[in-house]
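Chain by chain, the residues run as shown.
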Amino acid sequence: MTAKYEKLIPRFLGYVKENTRSDEDSTTVPSSNRETVFLKQLETELTDLGLDNIRIHPVNSYLIAELPSNLDYEVPVLGLISHIDTADFNSENIKPKIVENYDGKSIIPLDDKGEYTLDPKVFPSLNNYEGQTLITTSGDTLLGSDDKSGVSEIITAMEYFLAHPEIKHGKIVIGLGADEEIGTGADKFDVKDFGADFAYTVDGGPVGQLEYETFSAASLKVHITGKDVHPGSAKDIMINALGIANDFQNALPADEVPEKTSGRQGFFHLLSLNGTVDSADMSYIIRDFERNGLENRKNKINQIVKSLNDKYGDGIVKIDMNDQYYNMIDVIKDHMDVVEIAENAMKNLDIEPDEAPVRGGTDGSRISFMGLPTPNLFAGGENMHGRYEYVAEESMEKAVDVILEIVKLNNERKK
């Protein structure tokens, strides 16, 4: 561990032990009180570090703080954004485990019984971490590297600047938000209040990821109303909501699911199915890189609904379908200077940028369409959103290095 980032990993290990799982069924902002509690803890930490103008936005609940410029000339204001919530997987009682000097090939047991393991044959990314220190789960929770790695890296970078006032930098604003994992975190982001001229989310995966093309996305809720009667006299009367749910799923293209797609291929992803004969509820996410592709997928859903209602009765199947975000390349293509800064920062550090389209989205997708170009930088995590998640200490250090180098390059961009 390099001495200049000595608090990076202890900070991260402390953060991940706090349950900040967001709640898709909630209507509050943030969606869970545990997120509010954690944001207030971070507010105290940022105050103790000595950042300025610290506040929790009253509408969108972003925790915002500023590092004033120490230059004698103006440069564009840099924004750094990450999210504090974790995904829809067990986040209670997280016990991170540390594997030092990993040999790049051994199977890593996660739980005491060895039921869950990190096996390089299953997760070949492990081969990239020979000699490094890995932080893993204990097998029964996620880790929370998405995106507490990013939170830790941003705060550590700010701490470094405050500890080294001789290092020149322009004004930096940071935004730590909630509810990214349920797709609503940036819904009410206030670009004007944030005050940045360009920004990055620090919310990507392995070292080198630089993402400025994302899915376009929609959410889908399906409610099916059945008719439950005694099965002995059900002929021509019973309407089995679970059977219709099965019909709905089977009407979708069988190969257009996450486990059978890659690259620029989109998908329909069934997240949950709950129900009885009497009623059933299904939850989906819909993804496509092209805007017209997303529209085609939504049209497919509407056709299925019409077909099922024609067969079983009007109003038997009802849906709530909403766009979540669009491919940020539509905005970033006109602001490629923001991408070039990150590219040059990585290259200066001997990191090869990986600019493949991200099969997902970030708050930066929404924020870019609000007028603030916001590509996504790597934060280091692998296998995110589940028990097989891990991150290397060295990856997190490199993420801080990139932030510092971006600031250095921005110093050359006089307004």
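In what follows, the accompanying structure is described.

**Considerations on helix H8 (residues 336-348)**
Taking 1.5 Å of rise per residue, 13 residues should cover 18 Å, and H8 covers 18 Å from first to last C-alpha, within 8% of that figure. Among the residues making up H8, those that are buried are Val338, Val339, Ile341, Ala342, Glu343, Ala345 and Met346. One or two residues past the end of H8 sits Asp350, with phi positive at roughly 60 degrees.

**Quick notes on the packing of helix H1 (residues 8-16) against helix H3 (residues 145-163)**
Relative orientation of the contacting elements H1 and H3 amounts to 140 degrees, with a least axis distance of 9 Å. Taken together, the axes of H1 and H3 are oblique relative to one another. Along this stretch, H1 crosses H3, giving a crossing that reads as right-handed. Residues Leu8, Arg11, Phe12, Tyr15 and Val16 of H1 lie in contact with H3, whose contacting residues are Ser145, Lys148, Ser149, Val151, Ser152, Glu153, Ile155, Thr156 and Glu159. Of the residues belonging to the contact of H1 with H3, the class tally is 6 nonpolar, 4 polar and 4 charged.

**Topic: helix H2 (residues 33-49)**
Its 17 residues place the ends of H2 25 Å apart at the C-alpha level, agreeing with the 24 Å of an ideal helix rising 1.5 Å per residue. Taken together, the buried positions of H2 are Glu35, Phe38, Leu39, Leu42 and Leu46. Down the axis of H2, the smallest arc covering the buried residues is 105 degrees, so these residues share one side. Summarising the geometry of H2, the exposed residues directed more than 90 degrees from the buried face are Asn33 and Asp48. If you follow the buried residues of H2, they end up packed against H1, strand S1 (52-56), strand S2 (63-67), H3 and strand S8 (172-177). Gly50 lies just past H2 and shows a positive phi near 105 degrees.

**Remarks on the nonpolar core**
Note on soluble globular proteins: their nonpolar side chains tend to be buried together. Within the largest apolar cluster, 61 residues are counted, with the highest numbers of intra-cluster contacts made by Leu42, Leu80, Met158, Ile172, Ile174, Tyr200 and Ile406. Take this core: its biggest share by element is 9 residues, from helix H10 (residues 393-410). Residue contacts for Met158: discarding those within four places in its chain leaves Leu51, Leu67, Leu80, Ile172 and Ile174. Val222, Ala280, Ile316 and Val317 belong to the second-largest nonpolar core, a separate cluster that totals 23 residues.

**Digging into the pattern of salt bridges**
Scanning all chains against the criterion turns up 21 salt bridges. With a shortest N-O distance of 3.3 Å, Glu24 and Lys221 are connected by a salt bridge. Note that Glu24 is positioned in the loop between H1 and H2 and Lys221 in strand S11 (residues 216-225), a separation of 197 residues in sequence. As a salt-bridge pair, Asp288 and Arg297 come within 2.8 Å of each other at their nearest N and O atoms. There is no split in this pair, since Asp288 and Arg297 are both buried. Residues joined by salt bridges that share partners form a network here, namely Lys7, Arg11, Glu45 and Glu159.

**A word on the sheet that holds strand S14 (residues 317-325)**
If you walk across this open sheet you meet the 4 strands as S12-S13-S11-S14, and the pairing is antiparallel. Looking along the sheet, the strands with just one partner apiece sit at the ends: strand S12 (267-275) and S14. Averaged over all pairs of adjacent strands, the angle between their axes in this sheet comes to 15 degrees, without regard to strand direction. Bridge count between S11 and strand S13 (residues 279-288): 10 bridges; the pairing is antiparallel.

**So, the sheet that holds strand S16 (residues 390-392)**
In space, the 3 strands of this open sheet follow the order S4-S7-S16, with antiparallel pairing throughout. Unpaired on one side and paired on the other, strand S4 (97-99) and S16 mark the two borders of the sheet. On average, each strand axis in the sheet is inclined to that of its neighbour by 25 degrees, with strand direction left out of account. Pairing of strand S7 (residues 134-136) with S16 involves 3 bridges; the strand directions are antiparallel. Its bridge partner being in S16, Ile135 is matched across the sheet by Val391.

Each value, and the rule that gives it
Residues numbered from 1 in each chain as written. Predicted model: local features only at pLDDT ≥ 70, side-chain atom pairs only at ≥ 80, totals over all residues. Heavy atoms only, no water. Helix = DSSP H or I, 4+ residues; strand = E, 2+ residues; numbered from the N terminus. Expected span 1.5 Å × (residues − 1). Buried < 20%, exposed > 50% of the residue type's maximum accessible area, 1.4 Å probe, protein only. Axes fitted to C-alpha atoms, helices over the stretch in contact; angles between N-to-C directions. Parallel < 35°, antiparallel > 145°, perpendicular 65-115°, else oblique. Left-handed = near helix turned anticlockwise from the far one by under 90°. Contact = heavy atoms within 4.5 Å. Nonpolar A, V, L, I, M, F, W, Y, C, P; charged D, E, K, R; others polar. Arc of directions from axis to C-beta. Core = buried A, V, L, I, M, F, W, Y, C linked by side-chain atoms within 4.5 Å. Salt bridge = Lys/Arg side-chain N within 4 Å of Asp/Glu carboxyl O. Pairing = 2+ DSSP bridges.

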